[in-house]
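# Results of the structural survey
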Amino acid sequence: MLNVSIIIMRRVILSIQIGVVLFIIQSNALYSQDDSLLFFRSQLRQNRGVDSNKVEYYKGKILSIAKTSKNEKTLFYVNTSLGNTNRYEGNYDKALGFYFKALEYSKASNSQMDVASIYDNLARIYLNIGEIGLMFESINKSLVINNEKDNELGVNLTKQILLSYYRNIGNYSEVLRIAFTSLQYYLSINDSLQIANTYNSIGVTYKNLENYEKSLSYYNLSDAYYKHLLDKRGVSTILNNKGTVLLNLKKYQDALANFQKSIEIEKGLGRVEELLTRYNNMGLAYAYLGNFKPALYYLNLCKVKYEKSGNLLKLANTFESLARFYDLKGVDDSLEYYLVKSYKLCGIVNSKSLKAKVAFRLSELYRSKNDLAKAYDYLKKYKEVDDSLYHSKSFFQITEEEYRYLQTKDYEIQKVEKHNILQRYVIIIGFLTILILVFWILLLIQRGKVKANESIKKSLEKTIDIQNDELIVQGKELVTKTLQLGNDSSEVKYAIQQLKTLQSEFGVQGKHKIQQLILDLEHNQNKDIWSEFELRFSKVNKNFYDILLSLFPTLTISERRLAALIFLNFSTKEISTITKQTPRSVLVAKSRLRKKMNLPPSKDISNYLNELLPS
């Protein structure tokens with residue numbers, strides 16, 4: 001619902017914008033009649049095949065200018081535009097009328113190229129309605145103009161009409177001569193659209209020659225260009241043409257899928273003639289699949305439209321398709337009726353390839369009916385046409401023309417490859433230069449990092465050396481301090497000795513107080529010394545106590561101190577002096593410590609403690 005509202009809103013805005021422009025144009029406030037015509041023609045081209053209502057609206061506006069204008073140049077472009085629109089819609093009678101009016105004012109046109117274009121379009125119409133003499137007359141007039149103006153592109157575009165004619169009459173060697181010659185020119189100017197169109201023409205020719213493999217290869221080349229150009233019309237054409245090849249290969253379901261995709265595109269483009277071609281082919285695909293109802297619907301639709309438009313060439317093809325339809329259904333009367341009608345039209349439009357096919361089928365039909373006279377007559381007609389189509393010289397010329405093209409194509413490919421190789425070398429050299437530059441920059445950065453790391457390393461080594469020196473000093477201080485643990489402070493020792501001397505001179509109560517004072521002095525002295533020892537030891541040997549307690553949590557304070565002294569490699573005698581114990585007591589304490597650590601007799605306790613925390 002929201003999308004519909006948005007679409008309606010956009011159309012309203014667009015209508016308002018167009019209304020404003022038209023008001024300005026019609027009021028002649030800013031634009032002349034020529035400017036108005038230019039605007040209407042551009043709108044007509046943009047909406048052709050998109051919005052039929054707008055097409056009719058702008059056609060009316062252009063017609064109104066034609067009625068009021070006396071300017072011959074304006075009238076030339078008015079009639080040219082209306083002729084193009086009617087030809088696009090398949091209204092050939094109207095298109096011819098407008099083109100003839102345009103030619104009456106051709107002297108006033110800005111460009112002779114526009115006049116040549118009118119002659120080209122006249123030739124296309126004459127080809128479709130079977131007026132071959134008039135077709136050649138129009139082509140010659142166009143070629144004269146293009147040659148006078150040295151317009152090589154115009155000459156090649158005009159030759160495409162001849163190409164279609166020669167294909168219809170089965171002169172495939174001439175078709176390929178024109179096609180490959182034009183292709184070389186289009187490749188030289190890098191005209192992608194015309195390259196795509198020419199590849200398509202070659203593909204159609206090889207399909208008519210029943211060389212389906214080559215046909216598909218050229219269709220694929222054409223398809224690649226159309227897709228690159230985002231050309232929906234071209235893509236639709238290739239889908240349809242590939243579908244016709246798949247029909248001949250009896251891949252009917254794949255062919256039908258191609259026709260359906262092409263029809264979806266053509267519905268969006270609004271090209272009536274092209275849409276009818278797809279309907280004809282889809283009708284055939286349905287017929288071969290046995291779906292006769294939709295097949296007949298599409299084929300009859302084409303027949304009615306072509307009879308109305310006067311496109312005899314397409315009508316002959318549709319009659320032949322209807323004949324195939326009734327052949328599949330086994331209705332001989334209808335088969336004969338449509339084959340005869342198709343054969344007569346082929347004579348009018350001079351379509352030899354289709355005429356040969358139809359003549360052969362009529363011969364086969366009359367032979368099955370035992371009408372040998374008619375069978376022989378059509379077989380003779382078939383042979384006459386067939387001989388002119390497929391004599392050996394034609395095949396030789398086809399091979400020769402393609403060989404020339406392939407030689408040129410190989411040369412072009414070699415040029416492109418050389419250019420690509422040169423580009424690759426430039427890219428590689430550029431890449432290597434950038435790589436070397438990046439490598440050089442990274443090397444400089446790395447060197448800078450190395451220098452910075454060396455500086456940091458030296459700084460760290462210096463710091464570590466300082467810290468190691470401090471640790472060595474602290475270790476020495478710790479050892480010295482530990483060795484001094486056994487020696488009391490001289491002042492404290494002297495005080496204790498004096499107190500012991502005085503103890504004998506006091507009474508019982510006095511002795512008791514003095515004794516308590518002596519014990520307090522000794523206890524505080526030892527407590528302070530061991531506190532300082534543990535502080536210094538932990539600073540030098542970090543985590544020693546943490547590791548020791550994590551492994552042996554039941555150790556007492558005295559045992560931990562003993563372990564620390566053993567770790568510092570003090571002897572039993574030195575430990576005895578420090579702890580004020582007899583050597584025997586120290587040995588007993590060591591034995592208890594070993595037992596708690598579960599050390600075997602062979603294991604030295606000092607080595608074991610150093611393994612826990614290397615010094």
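## Comments concerning the side chain of Asn 311
Looking at the element boundaries, Asn 311 is found in the loop between helix H15 (292–309) and helix H16 (312–329). Assessed through its relative accessible area of 0%, Asn 311 is described here as buried. There is a polar contact of 3.2 Å between the side chain of Asn 311 and the backbone nitrogen of Lys 314.

## Overview of the confidence of the model for the protein
Mean pLDDT for the protein: 77, with 72% of residues reaching 70 or above. For the protein, helix H1 (residues 2–26) is the element with the lowest average pLDDT, namely 49, and helix H12 (residues 232–248) is the one with the highest, namely 93. Contacts from residues 20–31, a stretch scored under 50 in pLDDT, to residues over four places away or in other chains number twelve contacts. This stretch, residues 390–401, has a pLDDT under 50; its non-local contacts, to residues over four places away or in other chains, come to 17 contacts.

## Overview of the packing of aromatic side chains
Taken as a whole and assessed by the stated rule, the structure comprises 23 aromatic pairs. Ring plane angle 80 degrees and centroid distance 4.9 Å describe the contact between Tyr 337 and Tyr 338, whose orientation is recorded as edge-to-face. Each residue in the set Phe 292, Phe 319, Phe 325, Tyr 326, Tyr 337 and Tyr 338 is aromatic and connected to the rest through ring pairs, giving one cluster. Stacked on the ring of Tyr 378, the Lys or Arg Lys 381 has its end atom at 4.8 Å from the ring centre.

## Comments concerning the side chain of Asn 86
Following the sequence through the fold, Asn 86 ends up in helix H4 (residues 72–88). A distance of 2.8 Å separates a polar atom in the side chain of Asn 86 from the backbone oxygen of Leu 82.

## Side note on the environment of Leu 134
Secondary-structure assignment places Leu 134 in helix H7 (residues 132–148). Of the residues examined, Leu 134 reaches a relative accessible area of 33% and is grouped as partly exposed. Through-space distance from the C-alpha of Leu 134 to that of Ala 123 is 7.1 Å; in sequence the pair is eleven residues apart.

## Overview of a nonpolar patch on the surface
On the surface, Ile 434, Leu 437, Val 438, Trp 440, Ile 441, Leu 442, Leu 444 and Ile 445 cluster together to form a nonpolar patch covering roughly 750 Å² of accessible area. Ile 434 sits in the exposed class, given a relative accessible area of 53%.

## Side note on the pattern of salt bridges
With the rule as written, the count across this model stands at 14 salt bridges. Between Lys 227 and Asp 223 there is a salt bridge; the shortest N-O distance is 3.1 Å. You can see Lys 227 and its partner Asp 223 sitting in helix H11 (residues 212–229), four residues apart, about one turn around the helix. Residue Asp 223 is classed as buried on the basis of its relative accessible area, which comes to 10%. Note that Glu 266 and Arg 271 form a salt bridge whose closest N and O atoms lie 2.6 Å from each other.

## Brief notes about helix H27 (residues 605–612)
Every α-helix winds through 3.6 residues per turn, so residues three or four apart in the chain are directed the same way. Within the span of H27, buried status applies to Ile 605, Ser 606, Tyr 608, Leu 609 and Asn 610. On its buried face, H27 sits against helix H23 (544–551), helix H24 (557–567) and helix H26 (583–596). The backbone nitrogen of Ser 606 has a side-chain oxygen 3.2 Å away, supplied by the residue at the start of H27, namely Asp 604.

## With respect to the nonpolar core
Residues Leu 122, Met 135 and Ile 202 are the most contacted members of the largest nonpolar core, which totals 46 residues. For this core, the elements supplying multiple residues, two or more each, are H4, helix H5 (92–104), helix H6 (112–129), H7, helix H8 (152–168), helix H9 (172–189) and helix H10 (192–208). The next biggest cluster of nonpolar side chains, apart from the first, holds 44 residues, and it includes Leu 247, Tyr 286, Ala 316 and Tyr 382.

## Notes on the environment of Leu 289
Tracing the chain through its elements places Leu 289 in the loop between helix H14 (272–288) and H15. Using a relative accessible area of 31% as the deciding quantity, one classes Leu 289 as partly exposed. Spatially, the C-alpha atom of Leu 289 lies 6.6 Å from that of Tyr 252, the residues being 37 residues apart in sequence. For Leu 289, the contacting residues outside a window of four places in its chain are Tyr 252, Gln 253 and Leu 256.

## Let's talk about H5
For H5, which comprises 13 residues, the first-to-last C-alpha distance of 19 Å matches the rise-based estimate of 18 Å (1.5 Å per residue) to within 8%. Buried within H5 are the following residues: Tyr 92, Ala 95, Leu 96, Phe 98, Tyr 99, Ala 102 and Leu 103. The arc enclosing the buried residues of H5, seen along the axis, measures out at 170 degrees, which places them on a common side. For H5, exposure combined with an orientation more than 90 degrees from the buried face picks out Asp 93, Lys 94 and Glu 104.

Calculation notes
Residues numbered from 1 in each chain as written. Predicted model: local features only at pLDDT ≥ 70, side-chain atom pairs only at ≥ 80, totals over all residues. Heavy atoms only, no water. Helix = DSSP H or I, 4+ residues; strand = E, 2+ residues; numbered from the N terminus. Buried < 20%, exposed > 50% of the residue type's maximum accessible area, 1.4 Å probe, protein only. Polar contact = N/O pair within 3.5 Å; in protein donor to acceptor, adjacent residues only side chain to side chain. pLDDT = per-residue confidence, 0-100. Contact = heavy atoms within 4.5 Å. Phe/Tyr/Trp six-rings, centres within 6.5 Å; stacked < 30°, edge-to-face > 60°. Lys NZ or Arg CZ within 6 Å of the ring centre and 35° of its normal. Patch = residues over 30% accessible without salt bridge, like charges linked within 9 Å, V, L, I, M, F, W, Y side chains within 5 Å. Areas by Shrake-Rupley, 256 points an atom, 1.4 Å probe, with all protein chains shown as cover. Salt bridge = Lys/Arg side-chain N within 4 Å of Asp/Glu carboxyl O. Core = buried A, V, L, I, M, F, W, Y, C linked by side-chain atoms within 4.5 Å. Expected span 1.5 Å × (residues − 1). Arc of directions from axis to C-beta.

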